[in-house]
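Report on the structure
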Amino acid sequence: MPTIRIAEPSDIDACVRLLHLLFSQEHEFVPDSSKQVAGLEMIIGNPSTGTVFVCESEGRIVGMVALLNLVSTALGKKVAMLEDMIVEPALRGQGIGSQLLDYACKWANENEYGRITLLTDGDNDAAHRFYETHGFSRSSMVAFRKFLENDSTGGTVMNQTESKQDKPEMQAWMCEECGYIYDPAEGDLETNIPPGVCFDKLPGDWCCPVCNGAMSQFKKFESQL
Ligand SMILES: [Zn+2]
């Protein structure tokens, strides 16, 4: 029976692993473990910044979601930005995402937050349905943003013009047998594939580094909850 609880510093490694999956599938982000650790350390154990919730099943962290703190002058209340919602691919469709989201919403309500806002990829219909099912409604507001110069990376956050939407070769593929995800941004150390090799360009005899399954058992990894 999966249980939901607030994350502790010892959960950071497991959360980084989940974020890696999330950023592999979102159009605008690529994973970078050191940044994900830095970000999680800013939240976990620091309730003024926000709260991370994790789902633990059989001693393993299999899902997470974060609520980041903001203030609404319109509501005169604390409000939250929901981020980093992810469930381990092999365990999707079992209601873990719903459990996490319900828990976070209930917790926020009990802690006097007035509203929760979130962003999704524009074409992620599954996510839109998921959030609508849980009482979220689509806002007519449009997100704008500016990446600041002190973020010297160009790494984790890709510029809008270079988003994965325009780079189909950055498509991640998932092994249907074991849930392993091949992400071109990362390559695969195990089989000596450097970062930047798209799935179509893998050697013909390449197989899943986890279960040795053939490439034919991989499916495009679409974002879903
Ligand atoms: Zn596999």
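Rules behind the numbers
- Residues numbered from 1 in each chain as written.
- Predicted model: local features only at pLDDT ≥ 70, side-chain atom pairs only at ≥ 80, totals over all residues.
- Heavy atoms only, no water.
- Domains from an automatic or database assignment.
- Contact = heavy atoms within 4.5 Å.
- Buried area = accessible area lost by both parts, 1.4 Å probe.
- Donors = N, O, S within 2.8 Å, 3.2 Å for Na, K, Ca; no water.
- Tetrahedral: all angles 85-135°; square planar, octahedral: opposite > 155°, others 65-115°.
- Buried < 20%, exposed > 50% of the residue type's maximum accessible area, 1.4 Å probe, protein only.
- Helix = DSSP H or I, 4+ residues; strand = E, 2+ residues; numbered from the N terminus.
- Phe/Tyr/Trp six-rings, centres within 6.5 Å; stacked < 30°, edge-to-face > 60°.

Here we look at the domain arrangement of the protein
By domain assignment, the protein separates into domain 1 (3-133) and domain 2 (167-220). The C-alpha centroid of domain 2 is placed 26 Å from the C-alpha centroid of domain 1. Counting from both sides, the interface comprises six residues of domain 1 and, opposite them, six residues of domain 2. Summed over both sides, the interface of domain 1 with domain 2 buries roughly 490 Å², with 68% coming from carbon and sulfur. When the area that domain 1 buries against domain 2 is broken down by residue, the three leading residues are H20, S24 and P89, summing to 57%.

What to know about the coordination of the zinc ion
In ideal tetrahedral geometry, four donors around a metal make angles of 109.5 degrees, whereas ideal octahedral geometry with six donors gives angles of 90 or 180 degrees. Surrounding the zinc ion are the protein donor atoms C175 (SG), C178 (SG), C208 (SG) and C211 (SG), at 2.2 to 2.3 Å. Geometry at the zinc ion is tetrahedral, judged from its four donor atoms and the angles of 102 to 118 degrees they form at the metal. Ordering the donors of the zinc ion by residue number gives the pattern C-x2-C-x29-C-x2-C. The exposure class of C208 is buried, given its relative accessible area of 0%. Take C211: its relative accessible area is 29%, and that puts it in the partly exposed class.

Some remarks on the side chain of S57
In this fold, S57 is placed in strand β2 (residues 50-57). Apart from residues lying up to four places away in sequence, S57 is in contact with P2 and V62.

Examining the packing of aromatic side chains
Inspection of the entire model under this criterion finds 12 aromatic pairs. For the ring pair W173 and F199, a centre distance of 4.3 Å and an interplane angle of 10 degrees mean the geometry is stacked. With W173 in strand β6 (residues 173-175) and F199 in the loop between β7 (181-182) and β8 (218-220), this residue pair connects regions lying 26 residues apart in the sequence. You'll find W173 and F199 in the same group, each marked buried. Between the aromatic rings of F199 and W206, the centroid separation amounts to 6.2 Å while the plane-to-plane angle is 85 degrees, which identifies the pairing as edge-to-face. Here the two residues F199 and W206 agree in accessibility, since each one is buried. Linked through ring pairs, W173, Y180, Y182, F199, W206 and F218 together constitute an aromatic cluster.

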